[in-house]
Amino acid sequence: MILVNEPDLNGNELKYLTECIKTNWISCEGSFVKKFESEFAKTVNRKFGIALTSGSTALDLALHSLALSKNDEVIVPSFTIISPVASIIRTGATPVLIDSNLETWNMNVEDIERKITPKTKAIIIVHIYGLPVDIDPVIQLAKKYNLIIIEDAAEMHGQTYKGKPCGSFGDISIFSFYPNKHITTGEGGMIVTNDIEIANKINSLKNLCFVPERRFVHYELGWNARFTNLQAAIGLAQLERLDIFIKRKREMGKYYTKKLSHLKSISLPLESTTYAENIYWVFGILIKPECKLTANDVIKKLAEKNIQTRPFFYPMHLQPVFTKMKLFKNEEYKNSEIMANKGFYIPSGLNLTYQQMDIVIEALEDIFA
Ligand SMILES: *Cc1c(COP(=O)(O)O)cnc(C)c1O
């Protein structure tokens, strides 16, 4: 089986993990945690990094820290993983959806302004699959309407927007270290920010809102979202090789692009935009409308050839869980639906060989020629 993704753990991961075991420091109090937080924050030009149990938890705590109320609205793309929208709903606020662009697969920033109402409090930018959202217009809107920006950079380690690191924009940015992300810690996530009040708040929320005066007395409800020394050990070793990982991802992206661009019935990820060069977190493929095949058809055919794939995200306005909550009734986001029906991504793990890529390319040629 050619797997859709596999992490590369061939750096100092084992060495640092061994150090944890030998010194008996495996909990969140171990010294690798602080080190990983500060090193990671530095790579994205942020003052504070707070490591957490997952990217989804990072979104939960980020949204919670804004103290939103029931009537507040938060703008977010329909084409995303469920996490940011779930986090909005858990605060009691209302998600307001935006459609996405069929070429960049990112949210249509030009649609945001007409969705802003007096109730709008924040915008969540979600960078998708390897190219960032066009951030400058969002920052302008946030200034004009006094809105908070949360940047979901879960897929963007090592990416930049106009030369500045993704994760350095917005009031709060979050990352994920799930095994298919550019840097993994098994499970894990991080909030980065320059605001000390937000950082303090998140540090309290992640640790059950303990207070220094008297342990086991609480004034607020928090979470246990603590990150272990074991995770940080792996994270530090991964971070040391981020540049190599990004270089490798880009090489794979270029190779697939070169070999697949003659297939007329599919569109490939944009190699670049005016503001960024693709880092190919995943290598997505969108089947063109004139081709009758759906992503599901192609996923099945590739599975028969032992090639693992994943479908694109499923739009938030069509999620059964939200329909049950009577959210997004009669709303339509056409491009998000097209991407869900026609999009899938192919193997692009860091250990993938050119030989394996050739097998994938041949299989796609068989299907689409
Ligand atoms: C992976 C991902 C998340 C969630 O991260 P987890 O660590 O898996 O919880 C959130 N947002 C985006 C855009 C992601 O790709």
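All values reported here derive from a predicted model rather than from experimental measurement. (Residues numbered from 1 in each chain as written. Predicted model: local features only at pLDDT ≥ 70, side-chain atom pairs only at ≥ 80, totals over all residues. Heavy atoms only, no water.)

It is worth spelling out the overall build of the chain at this point. Within the chain, the regular secondary structure consists of 12 helices and 13 strands. The C-alpha radius of gyration computed for the chain amounts to 21 Å, which stays within 12% of the reference 21 Å derived for 369 residues, consistent with globular compactness. Principal-axis analysis of the C-alpha atoms gives the chain an extent of 70 × 55 × 40 Å. Burial status across the chain gives 55% buried among its 369 residues. Put simply, 71% of the contacts in the chain that link residues at least 6 apart link residues at least 24 apart. Taking the average location of the 43 positive side-chain charges in the chain and that of its 41 negative ones, the two points are 2 Å from each other. (Helix = DSSP H or I, 4+ residues; strand = E, 2+ residues; numbered from the N terminus. Rg over C-alpha atoms; globule rule 2.2 N^0.38 Å. Buried < 20%, exposed > 50% of the residue type's maximum accessible area, 1.4 Å probe, protein only. Contact = heavy atoms within 4.5 Å. Lys, Arg positive; Asp, Glu negative; His and termini not counted. Charge placed at Lys NZ, Arg CZ, Asp CG, Glu CD.)

What follows is about the domain arrangement of the chain. Split into domains, the chain comes out as domain 1 (13–239) and domain 2 (242–368). For domain 1 and domain 2, the distance between their C-alpha centroids amounts to 25 Å. With 40 residues of domain 1 at the interface, the matching set in domain 2 holds 40 residues. Summed over both sides, the interface between domain 1 and domain 2 buries roughly 3,500 Å², with carbon and sulfur atoms accounting for 70% of that surface. Among the residues domain 1 hides against domain 2, the three largest losses belong to Trp105, Tyr129 and His182. Together they make up 22% of the total. (Domains from an automatic or database assignment. Buried area = accessible area lost by both parts, 1.4 Å probe.)

In this section: the nonpolar core. Judged by nonpolar contacts, the single largest core of 46 residues is most densely connected at Leu52, Ile124, Tyr129, Ile191 and Phe312. Elements with a contribution of two residues or more to this core: β1 (48–52), α3 (55–65), β2 (73–77), α4 (83–91), β4 (120–126), β8 (172–176) and α6 (196–205). Of all the elements, α3 adds the most residues to this core, at 5 residues. Once you skip the residues sitting within four places of it in the chain, leucine 52 turns out to touch Ala58, Leu61, Gly188, Gly189, Met190, Ile191, Ile202, Lys206, Ala225 and Phe227. (Core = buried A, V, L, I, M, F, W, Y, C linked by side-chain atoms within 4.5 Å.)

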